[in-house]
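# Structural features, examined
Listed below are the residues making up each chain.
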Amino acid sequence: MESISNLLSKSPIIPACRSDKQLEDALCSEVNVIFLLESNISNFKEKIEAIKAVNKYAFVHFDLINGLSQDNSALEYLVDQCHPHGIITTRKNLIMTGKKLGLYTIQRMFLIDTTSITSAISMAKNTKPDAIEILPGIAPKVIRAIKNKIETPIITGGLITNSVEIVNALKAGAVGVSVSRQSLWSSVE
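A brief look at the structure comes next.

Below, the discussion takes up the state of the cysteines. Applying the stated criterion to the full structure yields 0 disulfides. Left without a disulfide partner, Cys17 is nearest to the cysteine sulfur of Cys28, which lies 11 Å away. Cys17 gets classed as buried once you look at its relative accessible area, which sits at 0%. For Cys28, a relative accessible area of 67% puts it in the exposed group.

Take the pattern of salt bridges next. Under the defined criterion, the tally for this structure stands at 5 salt bridges. Lys47 is paired through a salt bridge with Asp20; the nearest N and O atoms lie 3.1 Å apart. Linking Lys47 in helix H3 (residues 44-53) with Asp20 in helix H2 (residues 20-27), this pair joins segments that are 27 residues apart in sequence. Here Asp25 ties to Lys21 by a salt bridge, and the two come within 2.9 Å at their closest N and O atoms. With Asp25 and Lys21 both in helix H2 and 4 residues apart, this pair spans about one turn of that helix. What makes Asp25 buried here is its relative accessible area of 15%.

Going through the model one piece at a time under the given rule, you end up with 4 aromatic pairs. Note on Phe35 and Phe59: the rings are 5.8 Å apart at their centroids and 50 degrees apart in plane angle, and the pair reads as tilted. One end of the pair, Phe35, is in strand S2 (residues 33-36); the other, Phe59, is in strand S4 (residues 57-61), with 24 residues separating them in the sequence. An identical accessibility class is assigned to Phe35 and Phe59; each is buried. Ring centres 6.4 Å apart and planes at 80 degrees place the aromatic pair Tyr57 and Tyr104 in the edge-to-face group. In this pair, Tyr57 is assigned in strand S4 and Tyr104 in strand S7 (residues 104-110), connecting sequence segments 47 residues apart. Residue Tyr57 is classed as partly exposed on the basis of its relative accessible area, which comes to 21%. By way of ring pairs, the aromatic residues Phe35, Tyr57, Phe59 and Tyr104 are connected into one cluster.

The rules behind these values
- Residues numbered from 1 in each chain as written.
- Predicted model: local features only at pLDDT ≥ 70, side-chain atom pairs only at ≥ 80, totals over all residues.
- Heavy atoms only, no water.
- Disulfide = S-S within 2.5 Å.
- Buried < 20%, exposed > 50% of the residue type's maximum accessible area, 1.4 Å probe, protein only.
- Salt bridge = Lys/Arg side-chain N within 4 Å of Asp/Glu carboxyl O.
- Helix = DSSP H or I, 4+ residues; strand = E, 2+ residues; numbered from the N terminus.
- Phe/Tyr/Trp six-rings, centres within 6.5 Å; stacked < 30°, edge-to-face > 60°.

Take a look at the structure:
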């Protein structure tokens, strides 16, 4: 399995799709990876299949699938039904199960203070996800601090409103930036 860093090397922008319109636009974009942030038990399969049909990597924010519990059995069901490339979750048990099921795993972490940064570093070292996604993504200083303490690739997102913030996150060491704003999905130089 190719590393997440390699998947994002040519296109570090990741559309974070909450609506059908966003997903439709992301399918036509030049990106390599799409984050599906909202879906439900009746439509996650068709959305993942649409992403895979255009040769893009489908990552499902598992915690946000309405109608499924956030447990190991539900994750096994998701994989059995549509085989996404990876999951995004805040739950360490799902990171471990996802790895056993052969999925890319991204552990999402909300950083609000120095204690949460310390906790994020410790959790990443213990669960060893393929990447971590830290939110909010507007703090290059925090990206650098975490990057200096772990080898896990960092994706960042949340509160990103312009291309300068994307460039700063990438310069600070993030391998990718997830954004919902379509105007930011084009390449950043």
